[in-house]
Number of protein chains: 2
Amino acid sequence: MAKRGRSQESGEDRLIARYFKPLARHPAALGLSDDAACLKPPKGYDLVMTVDAVVAGVHFLPDDPPASIARKALRVNLSDLAAKGAKPLGFLLTLALPPHTGTKFLTPFARALAQDAQTFGCPVLGGDTTATPGPLTISISAFGTVPQGKMVQRKGARPGDLVMVTGTIGDAALGLRVSQRASLEKQWRLKRGQRAFLVDRYREPRPRNVLALAVRRYASAAMDVSDGLAGDLAKLCRASGVSAVAEAAQVPLSPAATIALATRPDLIETILTGGDDYEILCTVPPSRATRFTAAATAAGVPLTTIGRIGRGQGEARFVDADDRALRFGRVSFSHFG
Amino acid sequence: MAKRGRSQESGEDRLIARYFKPLARHPAALGLSDDAACLKPPKGYDLVMTVDAVVAGVHFLPDDPPASIARKALRVNLSDLAAKGAKPLGFLLTLALPPHTGTKFLTPFARALAQDAQTFGCPVLGGDTTATPGPLTISISAFGTVPQGKMVQRKGARPGDLVMVTGTIGDAALGLRVSQRASLEKQWRLKRGQRAFLVDRYREPRPRNVLALAVRRYASAAMDVSDGLAGDLAKLCRASGVSAVAEAAQVPLSPAATIALATRPDLIETILTGGDDYEILCTVPPSRATRFTAAATAAGVPLTTIGRIGRGQGEARFVDADDRALRFGRVSFSHFG
């Protein structure tokens, strides 16, 4: 069993008071001094609830900066809210800390979490801090609001809809690989700064919450790209009972990914199936595409049409310039076989 | 990094489909087939939100039965809802599974979770399943409802209020000790079946959700006893800005704890500070004590008055039969020094 330390005011209380109470500004949090948060749900809105955990050695590298770990833990959840068209409301935090986790980790971690909470309008509402003999593990339940009945679901895509994606795809998966094997920087002929760019894309998602309202207005179905574009598009198609054809050449790439792919064409599989993109994948009826694109431009979010929805039962194909289907060993990331 | 396996439908999808979709009967869960749950909050109610994690080797023993682990993970959260006077609504589940966690664990785990979800009216709304190179870790965010403004807080205790506690105290802490050192069974002179009783009390909390409505009606302040009665009473006093004096001899004990304490009087410290009781500690104005007691009797929940609230700034004293204050090395459990 873990070491048990005791005192009049417990170590856990002190840890929470020092690092996390300053974050608890929402009235529902009750200053983190009760067993539970108490939220008055806004009238006329549904509550969108999502939970995602990140584990050292699985979702981030153990020596990633504490601030990056904090941002990743919160942002993977913010990305789900964005894709559902929801406005962030707040979050519950579970922190399982390995032995000897001290102020060197907790100070920058809590500071980055506070910054993101402020930036994204998503304050901490409550939490639980515990010891673990294992790796640092952070689970966040995040809540958002949508007008009643207006959450954008994975189902809802219709034949004829355009398949669109924000930002660029594949950077995080390439970033993970190049951070694990430094020699790839040369093999891929990356230019100065491109390795750092890719690694940063792995470490710190940039969720598209500024686009949430437009997604709600214009998308027929949406999800965030977390487990790989190919697999996630297949999931959306299965949920909607449709098929999709997407053109690999239309998938938006960063300059770094473009160079790597030109050097090593087989990297297309890493790019399309690697995951950790935290971009929004959505389907949009052609009649709304112009307005959606205008909204994305206004929000400063790159938006690209990569394919089209057809009739079917869940198939999602990526085709090359000659209209031949790409084949992957696996279409999406999974922790389990 | 963890082993990554891939396929058309990912291993994680299959795992969720097989073990957890059958649990997802609440409409908000969307059959666990979307990125998020979508809850329509009931009108006129506040949402009570709590989160607690359990980690193998910290909150339960790695060889505890999977069904017990499931029950503990959910019930420690149900206990918070009960103490806040909230009616359970549903929960989000994070499961971090060590390598080779298979059907032998997951089948009884999911079955017990489903049973408890049914029994307590607290269905799964969503979740996240991930791999971990560390110990089995389960984090649950649970939600409940109270009529607007009616959540019972830790603050609210007034001088003159009675201090009351449900059930019996100390069994779980004794159960943990005797399950770690078998020789204690003889040393404590436990009778046949009492060791098993104590170990069961450690493994499987019995949250007092049947008493939630009465707590809301009659208690001025409440919390669940998770980190030890002495420390938790001090927390309640600090939150309320009052003091408390409780009589150690009035603390309700099971027959097993009574025998152990008679044999080893110093076990009073384990009993009062060991934690894992998951009983309700509350304060009740004397004018409402009779009705509260009647409600507890009707619900079949033992309820005992152990002390009284006075003026002060957060002190909580336990006194012996001669009115001398007991002194403990530490008053409550903490994972951190």
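Residues numbered from 1 in each chain as written. Chains lettered and ligands numbered in written order. Predicted model: local features only at pLDDT ≥ 70, side-chain atom pairs only at ≥ 80, totals over all residues.

A. A look at the overall build of chain A. Counting its secondary structure elements, chain A contains 11 helices and 11 strands. By the compact-globule yardstick of 20 Å for 337 residues, chain A fits well, its C-alpha radius of gyration being 21 Å. When its C-alpha atoms are laid out on the principal axes, chain A stretches across 70 × 55 × 35 Å. When each of the 337 residues of chain A is scored for burial, the buried share is 59%. A separation threshold of at least 6 residues defines the contact pool for chain A, and within that pool the share at least 24 residues apart is 88%. (Helix = DSSP H or I, 4+ residues; strand = E, 2+ residues; numbered from the N terminus. Rg over C-alpha atoms; globule rule 2.2 N^0.38 Å. Buried ≥ 20, exposed ≤ 12 C-beta atoms within 10 Å, placed from the backbone. Contact = placed C-beta atoms within 7 Å.)

B. Here's a closer look at the pairing of strand E8 (residues 242–247) of chain A. Residue and element names in this part refer to chain A. In terms of strand pairing, E8 meets strand E10 (residues 303–311) through five bridges, oriented antiparallel. From the neighbouring strand, Val245 faces E10, where its bridge partner is Arg308. Two strands pair when backbone bridges link them, and E8 and strand E11 (residues 316–319) are joined in this way by four bridges, in the parallel orientation. Its bridge partner lying in E11, Val245 is registered against Arg317. (Pairing = 2+ DSSP bridges.)

C. Quick look at the environment of Thr273 of chain B. Structurally, the position occupied by Thr273 of chain B is in helix H10 (residues 268–273). Taking the C-alpha atoms as reference points, Thr273 of chain B and Arg208 of chain B, separated by 65 residues in sequence, lie 20 Å from one another.

D. Local environment of the domain arrangement of chain A. Residue and element names in this part refer to chain A. According to the domain assignment, chain A contains domain 1 (11–147) and domain 2 (162–319). Taking only C-alpha atoms into account, the centre of domain 1 sits 26 Å from that of domain 2. Mapped by element, the contributors of at least two residues to the side of domain 1 that touches domain 2 are helix H2 (66–83) and strand E3 (87–97). In terms of residue class, the side of domain 1 that touches domain 2 is made up of 11 nonpolar, three polar and six charged. (Domains from an automatic or database assignment. Nonpolar A, V, L, I, M, F, W, Y, C, P; charged D, E, K, R; others polar.)

E. Molecular detail of the packing of helix H4 (residues 171–180) of chain B against helix H6 (residues 194–203) of chain B. Residues and elements named next belong to chain B. Between H4 and H6, whose axes approach to 7 Å, the crossing angle comes to 110°. Put simply, H4 runs roughly perpendicular to H6. Here the hand of the crossing between H4 and H6 comes out left-handed. Here Asp171, Ala172, Leu174, Gly175, Leu176, Val178 and Ser179 of H4 come into contact with H6, specifically with Arg195, Leu198, Val199, Arg201 and Tyr202. (Axes fitted to C-alpha atoms, helices over the stretch in contact; angles between N-to-C directions. Parallel < 35°, antiparallel > 145°, perpendicular 65-115°, else oblique. Left-handed = near helix turned anticlockwise from the far one by under 90°.)

F. Representation of the packing of helix H2 (residues 66–83) of chain B against helix H3 (residues 103–120) of chain B in the model. All names here are of chain B. Their axes nearest at 7 Å, the elements H2 and H3 cross at an angle of 35°. Crossing angle aside, the handedness with which H2 passes H3 is right-handed. Note on element contacts: H3 touches H2 through Phe105, Pro108, Phe109, Ala112, Leu113, Asp116 and Phe120, opposite Pro66, Ala67, Ile69, Ala70, Arg71, Leu74, Arg75 and Leu78. When grouped by side-chain class, the residues that make up the contact of H2 with H3 number 12 nonpolar, no polar and three charged.

G. Quick peek at the environment of Val146 of chain B. Residue and element names in this part refer to chain B. Tracing the chain through its elements places Val146 in strand E5 (residues 137–147). Separated by 99 residues in sequence, Val146 and Leu47 place their C-alpha atoms 6.7 Å apart. Discounting chain neighbours no more than four positions away, the residues touching Val146 are Tyr45, Asp46, Val48, Lys84, Gly85, Ala86, Met151 and Arg216.

H. Looking closely at the confidence of the model for chain A. All names here are of chain A. Scored by pLDDT, chain A has a mean of 93; 95% of the residues are at 70 or more. In this model residues 1–8 is a low-confidence stretch, pLDDT under 50, and it forms 21 contacts with partners more than four residues away in sequence or in other chains. For this predicted complex, the interface score ipTM comes out at 0.93, alongside a pTM of 0.94. (pLDDT = per-residue confidence, 0-100.)

I. Local environment of the pairing of strand E3 (residues 87–97) of chain B. All names here are of chain B. The element E3 is largely enclosed, with a buried count of 11 among its 11 residues. For E3 and E5, the ladder comprises nine bridges, and the chain directions are antiparallel. Following the sheet pairing, Gly90 is matched in E5 by Phe143. Two elements, E3 and strand E4 (residues 124–131), share seven bridges in a ladder whose sense is parallel. Within the sheet, the bridge partner assigned to Leu92 lies in E4 and is Gly126. On the question of chirality, the crossover connecting E3 to the parallel E4 by way of H3 is right-handed. (Right-handed = clockwise from strand over helix to strand, strands pointing away.)

J. Looking closely at the sheet that holds E3 of chain B. Strand order in the open sheet formed by five strands is E1(A)-E2(B)-E5(B)-E3(B)-E4(B), with mixed pairing between adjacent strands. At either end of the open sheet lies a strand with only one pairing partner, and these are strand E1 (37–39) of chain A together with E4 of chain B. If you compare each strand with its neighbour and ignore which way they point, the axes differ by 20° on average.

K. Layout of the sheet that holds E10 of chain A. Residues and elements named next belong to chain A. Spatial strand order, E7-E9-E6-E10-E8-E11: six strands in an open sheet with mixed pairing. Every other strand in the sheet has two partners, leaving strand E7 (221–225) and E11 as the edge strands with one partner each. Averaged over all pairs of adjacent strands, the angle between their axes in this sheet comes to 25°, without regard to strand direction. Contacts from H2 reach E7 and strand E9 (279–284), with the element oriented near 165° to E7. Along the sheet face, helix H8 (residues 229–240) touches strand E6 (162–166), E7, E8, E9 and E11 and points at about 155° away from the line of E7.

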